[in-house]
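Analysis of the macromolecular model
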Amino acid sequence: MDRVSAFDEPLKKLLGGATAKVMAEHLDLHTVGDLLHHYPRRYEERGRLTTLTELPLDEHVTVVAQVADARVMMFNNGRGKRLEVTLTDGSGRLQLVFFGHGVHKPHKELLPGRRAMFAGKASLFNHKMQLAHPTYQLLDANDEDEATEAVDAFAGQLLPIYPACKQLDSWRIAKAVDTVLPSAQEAVDPLPPALRDGRGLVPLPEALLRIHRPHTKADIAAARDRLRWDEAFVLQVALARRRYADTQLPAVARRPVAGGLLDAFDATLPFTLTEGQQKVTGEIFDALATEHPMHRLLQGEVGSGKTLVALRAMLRTVDAGGQAAMLAPTEVLAQQHHRSITEMMGELAEGGLLGGSDLGTKVVLLTGSMGTAARRQALLDLVTGEAGIVIGTHALIEDKVRFHDLGLVVVDEQHRFGVEQRDALRSKGKQPPHLLVMTATPIPRTVAMTVFGDLETSVLDQLPAGRSPIASHVVPAKDKPHFLSRAWERVREEVENGHQAYVVCPRIGDDADEAAEKKGKAGKKKAAPEEDAEKRPPLAVLDIADQLAKGPLAGLRVEVLHGRMPPDDKDDVMRRFAAGRADVLVATTVIEVGVNVPNATAMVIMDADRFGVSQLHQLRGRVGRGSAPGLCLLVSEAHEASPARARLSAVAATLDGFELSRIDLEQRREGDVLGQAQSGVRSSLRVLSVIDDEEVIAAAREEAVRVVTDDPGLERLPELRTALDALLDKEREEYLDKG
């Protein structure tokens with residue numbers, strides 16, 4: 001059997017059809033390699049052999065003793081069953097207890113007089129020492145040597161506990177691993193020998209043996225160190241190869257033009273750029289001036305001025321004879337960007353129009369719901385080059401859209417392209433355009449390196465001067481209803497002082513919402529009344545707006561905004577609010593990013609526990625954008641001791657988006673962050689943690705760059721190529737493209 005085929009062997013050949021079927025359907029394990037990479041979640045320590053008189057409380061212990069007595073007790077009016085077993089070893093006595101379905105087997109086996117080894121955690125119950133549901137192994141009373149050997153092996157062992165499922169428990173997975181473990185010797189080692197030896201890492205076959213069947217905790221640590229490196233390095237090589245491939249593509253260099261549109265724009269700015277904006281702009285401008293496509297991630301704090309940085313990059317591109325396209329995830333955001341960019345540019349956004357500047361260019365909007373005439377004109381402006389800047393939704397990617405010379409694509413809000421979309425946009429340029437991806441959610445460095453590793457990163461970590469602090473507080477609406485009343489009083493006070501407020505709800509509350517709700521409830525088991533209270537539908541925009549207008553905010557101008565409104569209506573509402581013709585905007589998360597109304601100082605987020613940490617930080621960033629201080633009130637009915645309340649307290653305690661994104665990541669773990677939830681692809685990270693393993697990820701990235709620069713095709717590293725092929729199956733290749 002050659003080295004590759006041992007790992008590719010289907011499990012059903014070795015384990016039998018029924019077990020293999022469960023593994024495939026419930027654990028996504030299909031081959032020997034899959035099972036060998038299904039690592040134990042933790043290890044149960046059986047502890048040293050201990051006499052019954054010396055049992056340490058709350059520690060894992062192993063004892064050898066004889067059954068003195070065993071009896072089944074009934075409780076809960078005969079509905080419950082408990083097996084109590086009394087042990088003796090000559091030095092003392094100990095009670096074992098088994099409940100429910102766990103009673104049957106020990107009741108048959110643990111008969112008075114039987115000798116066995118027992119392992120479990122020693123606890124105190126009714127002032128007596130006991131082991132609840134211990135594991136045990138019966139000993140043959142006739143063979144003393146064999147019994148002694150069994151005791152030594154059993155007591156010292158670290159028992160692997162595997163991620164399991166209802167149909168297949170951990171010990172059966174362990175037995176299956178025993179069957180395939182000899183194949184670990186056939187493992188193809190992806191790490192270059194020099195890297196492995198230089199970092200003192202054990203060979204892969206040894207790491208697999210140690211992770212599954214460790215003799216000591218040091219075995220587990222050595223195995224994890226090695227497997228962590230495999231995951232980090234192979235992923236970073238995949239990303240480094242992608243970056244390298246991008247540097248081999250041709251692009252039009254967009255070099256500075258003195259006295260052009262950018263200089264004219266800068267001359268109109270009423271403020272100076274922050275140091276951070278200047279530094280990041282320098283990085284982007286240097287990349288635009290090269291003859292291969294820029295692929296850069298621009299990330300930063302909420303309100304750090306990313307849009308301004310992106311606009312200046314677009315103006316530089318227009319100066320150099322190209323066009324720039326900004327892709328936004330929603331129509332509301334596209335319209336908002338179009339409005340704020342045309343306002344920032346003033347007459348420079350009216351190129352070719354009466355009264356426009358001679359240096360100016362046209363800035364057009366392109367969305368799916370535009371009228372035919374407006375759409376036709378926008379398409380014409382793009383193909384002739386009349387429009388230097390276009391802002392739009394995914395409508396920009398459609399076949400009908402043609403550019404005169406597309407030089408820069410700016411993608412807002414972490415919506416990275418899939419393979420088809422990236423190719424579709426690339427094909428619209430004479431050569432591949434430069435790419436700038438903006439994200440409004442600050443990302444910890446490790447995640448940026450792992451998820452956006454094929455992009456160079458620029459970070460804006462400084463807020464512009466004049467941004468006001470935002471005070472955040474949790475409002476426990478259930479425990480202290482008067483706090484909620486005070487929240488509405490605070491909104492009134494802000495409005496009376498000439499300011500405006502947002503109220504955010506998780507749901508719209510229209511007919512489409514109701515239908516979805518009914519559909520969700522159909523087929524569900526009837527919940528207990530207390531569960532019903534916990535699972536009430538999230539509060540809705542239309543309901544809350546109505547209640548506020550008739551109740552605590554009566555007399556104020558209350559407007560609503562949500563994603564299912566016709567685009568023109570949404571735009572009208574945002575214009576009225578931005579112009580100060582509405583006092584309170586009750587909205588869904590459509591206002592989460594990009595919305596900029598400096599006069600809005602207060603935000604009340606209803607059912608705040610229904611939102612994620614990053615989303616709350618995003619929403620909060622809509623206030624405090626002017627000179628007056630901001631206020632964000634997080635309303636929740638969650639219990640004080642619940643994880644939901646802990647999350648809200650974390651948001652209230654800090655305005656540092658990078659710190660919050662780390663908290664968010666720790667709570668959600670890597671699966672969601674690595675796109676598994678979106679793409680349906682099982683995360684390839686089994687040992688590596690993007691939270692805890694920053695040093696490994698950074699070092700792996702450096703090593704990967706060195707390897708790929710030296711040998712881009714990995715011709716001298718066939719084992720690494722094999723590992724990459726296994727990681728980058730078609731689905732995961734697309735996932736890396738989409739991010």
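Residues numbered from 1 in each chain as written. Predicted model: local features only at pLDDT ≥ 70, side-chain atom pairs only at ≥ 80, totals over all residues. Heavy atoms only, no water.

**A few points about the side chain of R625**
Our working definition: Every helix listed is a DSSP run of H or I at least four residues long, and every strand listed is a run of E at least two residues long, numbered separately from the N terminus. A simple rule labels every residue: compare its accessible area, found with a 1.4 Å probe on the protein chains alone, to the largest value its type can have, and call it buried under 20%, exposed over 50%, or partly exposed in between. Throughout this description, a polar contact denotes any pair of N or O atoms lying within 3.5 Å of each other; where both atoms belong to protein, one of them has to be capable of donating a hydrogen while the other can accept it, and for residues adjacent in sequence the pair is counted only when both atoms sit in side chains. Whether two residues are in contact is decided by their heavy atoms, any of which lying within 4.5 Å being enough.
Here R625 is to be found in the loop between α23 (613–620) and β21 (630–636). With a relative accessible area of 17%, R625 lands in the buried category. Here N596 takes part through its side chain, which lies 2.8 Å from a polar atom of the side chain of R625. A distance of 2.7 Å separates the side chain of R625 from the backbone oxygen of G621, its partner in a polar contact. Those residues in contact with R625, other than ones at most four positions away along the chain, are V302, G303, R467, V595, N596, V597 and P598.

**A look at the nonpolar core**
Under the convention used in this document: Buried Ala, Val, Leu, Ile, Met, Phe, Trp, Tyr and Cys residues that are joined via side-chain atoms within 4.5 Å together make up what is termed a nonpolar core.
One finds W229, F233, V237, V390, F403 and L720 to be the most contacted residues of the largest nonpolar core, which totals 53 residues. In terms of residues, this core owes the most to one element, helix α27 (residues 694–710), which gives eight residues. If near-sequence neighbours (up to four positions away) are discounted, V390 is found in contact with A324, A325, M326, V364, L366, L382, L396 and F403.

**What to know about the sheet that holds strand β12 (residues 387–392)**
Note the cut-off: Only when DSSP finds a minimum of two bridges between them are two strands counted as paired. In this analysis an axis means a line fitted to C-alpha atoms, helices contributing only their contacting stretch, and an angle means the value between N-to-C directions, from 0 to 180 degrees.
As summarised here, the arrangement of the seven strands in space is β11-β12-β10-β13-β14-β9-β15, forming an open sheet in which the pairing is parallel. Bordering the open sheet on either side are β11 (362–366) and β15 (456–460), each of which pairs with just one other strand. Mean inter-strand twist for the sheet, computed between neighbouring axes without regard to direction, equals 20 degrees. Strands β9 (295–300), β10 (323–327), β12, β13 (406–411), β14 (434–439) and β15 of the sheet are contacted by helix α13 (residues 306–319), whose axis makes an angle of about 170 degrees with β13. The strands touched by helix α14 (residues 331–345) within the sheet are β10, β11 and β12, with β11 carrying the most contacts at an inclination of about 170 degrees.

**Some remarks on helix α9 (residues 204–212)**
What counts, and what does not: Of all possible arcs, the one meant is that of the directions from the helix axis to the C-beta atoms.
Within α9, burial applies to L204, P205, A207, L208, I211 and H212. When α9 is viewed along its axis, its buried side chains cluster within an angular range of 160 degrees and face the same direction.

**A look at the sheet that holds β21**
Within a beta sheet, neighbouring strands are joined by backbone hydrogen bonds and run either parallel or antiparallel to one another. Taken together, six strands build an open sheet; the order of strands is β16-β21-β20-β17-β19-β18 and the sheet is parallel. Each edge of the sheet is formed by a strand with only one pairing partner; in this case those strands are β16 (470–476) and β18 (558–561). Across the sheet, the axes of successive neighbouring strands diverge by a mean angle of 20 degrees, strand direction being ignored. Where strand β17 (residues 500–504) meets strand β19 (residues 584–587), four bridges bridge the pair, whose relative direction is parallel. Bridge pairing links Y502 to L585 in β19. Across the sheet, helix α24 (residues 643–653) touches β16 and β21, and the angle it forms with β16 is around 160 degrees.

**A few points about the pattern of salt bridges**
Just so we agree on the cut-off: Salt bridges are counted wherever a side-chain nitrogen of Lys or Arg sits within 4 Å of a carboxyl oxygen of Asp or Glu.
This model, assessed by the stated rule, comprises 36 salt bridges. Close ionic contact of K105 with E109 constitutes a salt bridge, the shortest N to O distance being 3.7 Å. Residue K105 and its partner E109 are located together in helix α5 (residues 104–109), separated by four residues, close to a single helical turn. Taking the relative accessible area as the measure of exposure, E109 reaches 24% and is therefore partly exposed. Through salt bridges with shared partners, a single network forms among R486, E489, R490, E493 and E494.

**Comments concerning the packing of helix α12 (residues 275–288) against α13**
What counts is decided by this rule: Should the near helix be turned anticlockwise from the far one by less than a right angle, the crossing is left-handed, and should it be turned clockwise, the crossing is right-handed. Note on residue classes: Ala, Val, Leu, Ile, Met, Phe, Trp, Tyr, Cys and Pro are nonpolar, Asp, Glu, Lys and Arg are charged, and everything else, Gly too, is polar.
Contact geometry of α12 with α13 gives a least axis separation of 10 Å together with a crossing angle of 30 degrees. Two packed elements cross with a definite hand, and for α12 against α13 that hand is right-handed. Between α12 and α13, the contacting residues are Q277, V280, T281, I284, F285 and L288 on the first element and L308, V309, R312, A313, R316 and T317 on the second. Residue composition of the contact of α12 with α13, by class: seven nonpolar, three polar and two charged.

**So, the environment of R82**
Within the fold, R82 resides in strand β3 (residues 80–88). Judged by its relative accessible area of 22%, R82 falls in the partly exposed class. For the pair formed by R82 and R71, sequence separation is 11 residues and the distance between their alpha carbons is 8.4 Å. For R82, the side chain forms a polar contact with the side chain of E84, separated by 2.9 Å.

**A closer look at a negative patch on the surface**
Counted only if it meets this: Each patch is built from residues lacking any salt bridge and having more than 30% relative accessible area; the joining distance is 9 Å for like charges and 5 Å for nonpolar side chains (Val, Leu, Ile, Met, Phe, Trp, Tyr). Values of accessible area rely on a 1.4 Å probe in the Shrake-Rupley scheme; residue burial ignores everything except the protein chains shown. The charge count includes Lys and Arg as positive and Asp and Glu as negative, but it does not include His or the ends of the chains. One atom stands in for each charge, and that atom is NZ of Lys, CZ of Arg, CG of Asp or CD of Glu.
Together, D656, E659, E666 and D692 line one region of the surface with negative charge. A residue is classified by how much of its surface remains accessible, and E659, at 38% relative accessible area, is partly exposed.

**A look at the packing of aromatic side chains**
Our working rule: Between the rings of Phe, Tyr and Trp (Trp by its six-membered ring), a pair exists once the centres lie within 6.5 Å; its type follows the angle of the planes, with under 30 degrees stacked, over 60 edge-to-face, and the other angles tilted. Think of it as a cone above the ring: NZ of Lys or CZ of Arg counts as a charge over the ring if it is within 6 Å of the ring centre and within 35 degrees of the ring normal.
Using the criterion set out here, one finds four aromatic pairs in the structure. Between the aromatic rings of F98 and Y136, the centroid separation amounts to 6.4 Å while the plane-to-plane angle is 85 degrees, which identifies the pairing as edge-to-face. Of this pair, F98 sits in strand β4 (residues 93–99) while Y136 sits in strand β7 (residues 135–138); the two residues are 38 residues apart in sequence, bridging distant segments of the chain. Judged by relative accessible area, Y136 falls into the buried class, the value being 19%. An aromatic cluster of at least three residues, connected via ring pairs, comprises F98, F118 and Y136. Here the basic side chain of R316 rests over the ring of F285, its NZ or CZ set 4.1 Å away from the ring centre.

**A few points about unusual backbone geometry**
Backbone geometry at D28 places phi at a positive 60 degrees, although glycine is not the residue there. Along the chain, the position of D28 falls in the loop between α3 (17–27) and α4 (32–36). Phi at D607 takes a positive value of approximately 50 degrees, unusual for a residue other than glycine. By the secondary structure assignment, D607 is in the loop between β20 (600–605) and α23.

**Overview of α14**
Counted only if it meets this: For a helix, the expected span equals 1.5 Å multiplied by the number of residues minus one.
With 15 residues, α14 extends 21 Å from end C-alpha to end C-alpha; this agrees with the ideal 21 Å at 1.5 Å per step. Burial within α14 is extensive, with 12 of its 15 residues counted as buried. Within the sequence span of α14, burial applies to E331, V332, L333, A334, Q335, Q336, H337, H338, R339, S340, I341 and M345. Turning to α14, the residues buried within the fold contact α11 (261–268), α13, β10, β11, β12 and α22 (567–578). G346, located one to two residues past α14, shows a positive phi value of around 60 degrees.

**Considering the confidence of the model for the protein**
Spelled out, the test is: Values of pLDDT, the confidence the predictor places in each residue, fall between 0 and 100.
The share of residues in the protein with pLDDT of 70 or more is 86%, and the mean pLDDT across the chain is 84. Looking over the protein, one finds the lowest element-wise mean pLDDT in helix α26 (residues 676–679), namely 33, and the highest in β17, namely 97. The low-confidence segment residues 525–534 (pLDDT under 50) makes four contacts with residues lying over four places distant or belonging to another chain. Low pLDDT, under 50, characterises residues 670–683; the stretch is placed with 26 contacts to residues that sit more than four places away or in other chains.

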